Amino acid sequence: MSKIAIFPGSFDPITLGHVSIVKRAASLFDKIIVAIGVNSSKKSMFSLEKRKEWIAEVFKDYDNVEVESYTGLTIDFCKKTDAKYILRGLRTAADFEFERGIGQVNFMMDEDIETVFLLTEAKYTPINSSIVRDVYKNGGDLSKLIPPEVIL
Ligand code: ADP
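In this text the structure is predicted, and so the values were computed from the model without any measurement.

1. Concerning the packing of aromatic side chains
Scanning the entire structure with this criterion turns up 6 aromatic pairs. Considering the side-chain rings of Phe 46 and Tyr 136, the 5.6 Å spacing of their centres and the 55° angle between planes classify their relative orientation as tilted. Residue Phe 46 is found in the loop between strand E2 (31-37) and helix H2 (48-58), and its partner Tyr 136 is found in helix H5 (residues 129-137); the two are separated by 90 residues along the sequence. Phe 46 sits in the buried class, given a relative accessible area of 10%. Here the aromatic residues Phe 46, Trp 54 and Tyr 136 are joined through ring pairs into a cluster of three or more.

Take a look at the structure:
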């Protein structure tokens, strides 16, 4: 049975922190689907098409990494794609508390799906998409925050 993981998030835009998690996890799973969650009440800065394009470009040399988008519950998207693992990154204790709730509720809903966590590389701990958007809006240098394939 092939081990399929989904890596859900908004990726608005994808950052070096996300990239590091996916690349490190690529050898642990047969396939990773970077899954852009589309939430109609959460307005994104960058279009879904752009976010997808950037992710596809970043992982173009990784045969087992794909990008898709989904609406609704992550657990339902797992069922649809036969994924038995949800991959998440952990930066801080705040991430842990947030992830604990989501992960435990997902487990209550489907015990066949496990959430797997990787610790962030220390240098990427402060990076999140909202800081990237802020630096972008104010014309700052993004080279240490996002991969070169993301051309904003
Ligand atoms: P959302 O925008 O839906 O909150 P994120 O893009 O913030 O989603 O997060 C998606 C996943 O990526 C989460 O598991 C999050 O912990 C992880 N992540 C985000 N930034 C980093 C980072 N700098 N290092 C490691 N993991 C990260």
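2. Digging into unusual backbone geometry
The omega torsion of the bond from Asp 12 to Pro 13 falls at 5°, within 30 degrees of zero and hence cis. Tracing the backbone shows Pro 13 in the loop between strand E1 (4-9) and helix H1 (16-25). In this structure, Phe 11 is a non-glycine residue whose phi angle is positive, near 50°. If you trace the backbone, Phe 11 turns up in the loop between E1 and H1. Phe 11 gets classed as buried once you look at its relative accessible area, which sits at 2%. Non-glycine residue Asp 82 carries a positive phi angle of around 65°. Relative to the helices and strands, Asp 82 resides in the loop between helix H3 (74-81) and strand E4 (85-90). Take Asp 82: its relative accessible area is 55%, and that puts it in the exposed class.

3. Structural notes on the pairing of strand E5 (residues 114-119)
One ladder, built from 6 bridges, connects E4 with E5; its direction is parallel. Its bridge partner lying in E5, Leu 87 is registered against Val 116. At this point the chain moves from E4, through helix H4 (residues 93-109), to the parallel E5, and the crossover so formed is right-handed.

4. Overview of the nonpolar core
Ranked by size, the top nonpolar core spans 29 residues in total, and within it Ile 14, Ile 32 and Phe 59 carry the most contacts. For this core, the elements supplying multiple residues, two or more each, are E1, H1, E2 and H2. A per-element tally of this core places H1 first, with 5 residues. Not counting the four nearest positions on each side in its chain, Phe 59 is found in contact with Ile 14, Val 19, Val 22, Lys 23, Val 34 and Val 65. In this structure, Ala 35, Tyr 70, Ala 83 and Ile 113 belong to the second largest nonpolar core, which totals 11 residues.

5. Observations concerning the sheet that holds E4
The sheet built from 5 strands is open, its strands ordered E3-E2-E1-E4-E5 with parallel pairing. Looking at which strands have only one partner, the edges of the open sheet turn out to be strand E3 (65-70) and E5. Averaged over all pairs of adjacent strands, the angle between strand axes in this sheet comes to 30°, irrespective of strand direction. Pairing between E2 and E3: 6 bridges, direction parallel. Paired with Ala 35 across the bridge in E3 is Glu 68. In the packing of H4 onto the sheet, the strands contacted are E4 and E5, and the crossing angle to E4 comes to about 170°.

About the cut-offs
Residues numbered from 1 in each chain as written. Predicted model: local features only at pLDDT ≥ 70, side-chain atom pairs only at ≥ 80, totals over all residues. Heavy atoms only, no water. Phe/Tyr/Trp six-rings, centres within 6.5 Å; stacked < 30°, edge-to-face > 60°. Helix = DSSP H or I, 4+ residues; strand = E, 2+ residues; numbered from the N terminus. Buried < 20%, exposed > 50% of the residue type's maximum accessible area, 1.4 Å probe, protein only. Pairing = 2+ DSSP bridges. Right-handed = clockwise from strand over helix to strand, strands pointing away. Core = buried A, V, L, I, M, F, W, Y, C linked by side-chain atoms within 4.5 Å. Contact = heavy atoms within 4.5 Å. Axes fitted to C-alpha atoms, helices over the stretch in contact; angles between N-to-C directions.

Distances and angles like these do not, on their own, reveal function.
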